[in-house]
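Structural description and commentary
Take a look at the letters that make up each chain.
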Amino acid sequence: MADASASRQLVREVRSQLDGWTDRARVEAYDELFEGDDPILSEEELRLLDAVDSRLERHGGDGVWGTDRYGIQAADGGRSTDALGVVCVYHPQVTSDSVLRGMDDLDDETEERINAALWTYAERVTELVEDALDEYLDRD
């Protein structure tokens, strides 16, 4: 029973690190994917995404950036640190049928490209948080 208790404690400990890891991973993923040498969106698409983000925030929402959510999962019920992993539990997305009505620049093709980029971004954040988790678990 002590082993299960230690495993639960480790999961709690790791989850307490998650917000910091996520914040750092978001910055790194954004820089890599949207501001790097080969950005996944054009300047115009990124400008539109930022406009969507601002509009959502002005309407009382959270915007787009920072709405992605991540969790620590224990695939074997928490009995082994080898089974600890990171999962994206919410991928941000934009839709033309939400608060964004009237945004003429957001056609179906652009919406699809932006949402694909946001999916890629959230998956990259997941990978970077997973790297931080692995590094943390290898600390001993």
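What this report covers is the structure whose coordinates are included nearby. (Residues numbered from 1 in each chain as written. Predicted model: local features only at pLDDT ≥ 70, side-chain atom pairs only at ≥ 80, totals over all residues. Heavy atoms only, no water.)

1. Brief notes about helix 2 (residues 43–58)
- With 16 residues, helix 2 should reach 22 Å at 1.5 Å per residue; the first-to-last C-alpha distance of 22 Å fits that figure.
- Taken residue by residue, helix 2 has Glu45, Leu46, Leu48, Leu49, Val52, Asp53 and Leu56 as its buried positions. Looking straight down helix 2, one finds its buried side chains confined to an arc of 160 degrees; they lie on one side. Seen from the buried face of helix 2, the exposed residues on the opposite side, beyond 90 degrees, are Glu43 and Arg58.
- Two residues or fewer after helix 2 comes glycine 60, characterised by a positive phi angle close to 90 degrees. (Helix = DSSP H or I, 4+ residues; strand = E, 2+ residues; numbered from the N terminus. Expected span 1.5 Å × (residues − 1). Buried < 20%, exposed > 50% of the residue type's maximum accessible area, 1.4 Å probe, protein only. Arc of directions from axis to C-beta.)

2. Details of the packing of aromatic side chains
- For the structure on display, the rule yields six aromatic pairs.
- Relative to tyrosine 136, the ring of tryptophan 21 lies with its centre 5.5 Å away and its plane at 65 degrees, an arrangement referred to as edge-to-face. Residue tryptophan 21 is found in helix 1 (residues 2–34), and its partner tyrosine 136 is found in helix 3 (residues 108–137); the two are separated by 115 residues along the sequence.
- With relative accessibility at 7%, the residue tryptophan 21 sits in the buried group.
- The buried category is assigned to tyrosine 136, whose relative accessible area is 18%.
- Their ring planes at 85 degrees and their centres at 5.2 Å tell us that tryptophan 65 and tyrosine 121 sit as a pair that is edge-to-face. Within this pair, whereas tryptophan 65 is found in the loop between helix 2 and strand 1 (69–74), its partner tyrosine 121 is found in helix 3, the two being separated by 56 residues in sequence.
- Chaining the aromatic ring pairs together yields one cluster made of Tyr30, Phe34, Trp65 and Tyr121. (Phe/Tyr/Trp six-rings, centres within 6.5 Å; stacked < 30°, edge-to-face > 60°.)

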